[in-house]
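If you want the building blocks of each chain, they are given just below.
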Amino acid sequence: MSEKKNGYSLEDWQRHYDEDDLGWDLGQVAPPFVKLFESKLIVPGKTLIPGCGRGHEVIYLAENGFEVTAVDFSSGAVNHLKSTVEGRNIKCEVLHMNFFGIDSTHDGVYDLLIEQTFFCAISPEQRPSYVSTVARALKQGGMLAGLFYHTGEEGGPPFNTTREDILKHFSDSFEIKHLSKSKNSAEQRKNKEWLVILVKK
Ligand SMILES: C[S@@+](CC[C@H](N)C(=O)[O-])C[C@H]1O[C@@H](n2cnc3c(N)ncnc32)[C@H](O)[C@@H]1O
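Everything numeric here is computed off the predicted structure, so don't read it as measured data.

Reading the values: rules and limits
Residues numbered from 1 in each chain as written. Predicted model: local features only at pLDDT ≥ 70, side-chain atom pairs only at ≥ 80, totals over all residues. Heavy atoms only, no water. Buried < 20%, exposed > 50% of the residue type's maximum accessible area, 1.4 Å probe, protein only. Helix = DSSP H or I, 4+ residues; strand = E, 2+ residues; numbered from the N terminus. Pairing = 2+ DSSP bridges. Salt bridge = Lys/Arg side-chain N within 4 Å of Asp/Glu carboxyl O. Near = heavy atom within 4 Å. Polar contact = N/O pair within 3.5 Å; in protein donor to acceptor, adjacent residues only side chain to side chain. Nonpolar A, V, L, I, M, F, W, Y, C, P; charged D, E, K, R; others polar. Core = buried A, V, L, I, M, F, W, Y, C linked by side-chain atoms within 4.5 Å. Contact = heavy atoms within 4.5 Å. Axes fitted to C-alpha atoms, helices over the stretch in contact; angles between N-to-C directions. Parallel < 35°, antiparallel > 145°, perpendicular 65-115°, else oblique. Left-handed = near helix turned anticlockwise from the far one by under 90°.

**Q** So what's going on with the pairing of strand 4 (residues 110-116)? Residues and values would help.
**A** Here is the key point about a regular strand: its side chains alternate between the two faces of the sheet. The buried count for strand 4 comes to 6 of 7 residues, which makes it a mostly enclosed element. Taken together, the 2 bridges between strand 1 (residues 46-50) and strand 4 define a ladder with parallel strand orientation. Bridging across to strand 4, L48 finds its partner in L113.

**Q** I'd love a proper account of the pattern of salt bridges, names of residues and values included.
**A** Per the counting criterion, the structure on display carries 10 salt bridges. D12 serves as the salt-bridge partner of R15, at 3.4 Å between the closest nitrogen and oxygen. Here R15 pairs with D12, and both are found in helix 1 (residues 10-18), just 3 residues apart, close to one helical turn. The class for D12 is buried, based on a relative accessible area of 8%. As a salt-bridge pair, E187 and K190 come within 4.0 Å of each other at their nearest N and O atoms.

**Q** Tell me about the site of the ligand, and please be specific about residues and values.
**A** Close to the ligand lie 17 residues, the nearest being Y17, G51, D72, S74 and T117. In the environment of the ligand, an oxygen atom lies 2.6 Å from a nitrogen or oxygen atom belonging to the side chain of D72. In the model, a nitrogen atom of the ligand is placed 3.0 Å from a nitrogen or oxygen of the N98 side chain. Tallied by class, the residues present in the shell around the ligand amount to 10 nonpolar, 6 polar and 1 charged.

**Q** Tell me what's going on with the nonpolar core, and back it up with residues and numbers.
**A** Counting residues in each nonpolar core, the largest one holds 31 residues, and the members touching the most others are I42, L61, L81 and I114. Secondary-structure elements contributing two or more residues to this core are helix 2 (31-38), helix 3 (56-63), strand 2 (67-72), helix 4 (75-88), strand 4, strand 5 (138-149) and strand 7 (193-200). Apart from residues no more than four positions distant in its own chain, I114 is found in contact with F33, I42, T47, L48, I49, P50, E57, L61 and A145. Judged by nonpolar contacts, the second largest core, of 25 residues, contains L48, Y110, V131 and L144.

**Q** Describe the environment of K201, with residues and values.
**A** Tracing the backbone through its elements, the reader meets K201 in the segment after strand 7. Take K201: its relative accessible area is 48%, and that puts it in the partly exposed class. Separated by 26 residues in sequence, K201 and E175 have C-alpha atoms that sit 6.3 Å apart. K201 has contacts with Q140, S171, D172, S173, F174 and E175, leaving out every residue within four places of it along the chain. Of the polar contacts made by the side chain of K201, one reaches the backbone oxygen of D172; its length is 3.3 Å.

**Q** An account of the packing of helix 3 against helix 4 is needed here, citing residue identities and associated values.
**A** Angle between the axes and distance between the axes are the two parameters that describe a pair of packed helices. At a minimum axis distance of 10 Å, the contact between helix 3 and helix 4 shows a crossing angle of 25°. If you check the angle between helix 3 and helix 4, you find them roughly parallel. You can see that helix 3 and helix 4 cross each other, and the crossing is right-handed. Packed against helix 3, whose contacting residues are V58, I59 and E63, the element helix 4 presents L81, T84 and R88 at the interface.

Keep in mind that these numbers describe shape and distance, not what the molecule does.
This is how it looks when you write it as structure tokens:
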């Protein structure tokens, strides 16, 4: 992803899909989510995945009994994911829309939200909207389980996330249950991801 001070537009993201230039795509579910599931730290329930891309987390969790709603505004992401789920007969909902525009039918609905390279994809000015949208969608006591990208670099996307950024943005609406560098990240993300578990107050 090349540097762009104020973040990417929809057209910028779509271009990446058109050109099959998906540097962020691990080609598999991020290993820390597998570990969270196998350790029963995340359990099946209504689950929201914003900025889902080609949806490796969507597929993994839906196949393991989670009731997943996936959201992405790029047709390249949504079309790819829809054809995968149709081909494999996986049950989940795929919404082609701007995550910040989800309507009130999503309020207080979700037990779990999975964050995977979406917070770093939006411009830092959108972070307060991210927090309010996520807080709105989760039930009280609902959980955000996420990997937040500590690039250590200026600009983006991906935009850097520090420990302080997480505390600053989430402490008012969430209890911080866990915040440390993930131990089993994919090779290209080693020591660069915060594994974060938040519970909505
Ligand atoms: C860096 S990619 C990550 C995709 C996926 N989570 C993954 O890790 O493979 C960011 C995704 O967020 C989507 N996106 C960015 N802004 C969005 C918004 N406001 N609403 C919905 N999707 C958005 C892009 O289309 C892109 O698919």
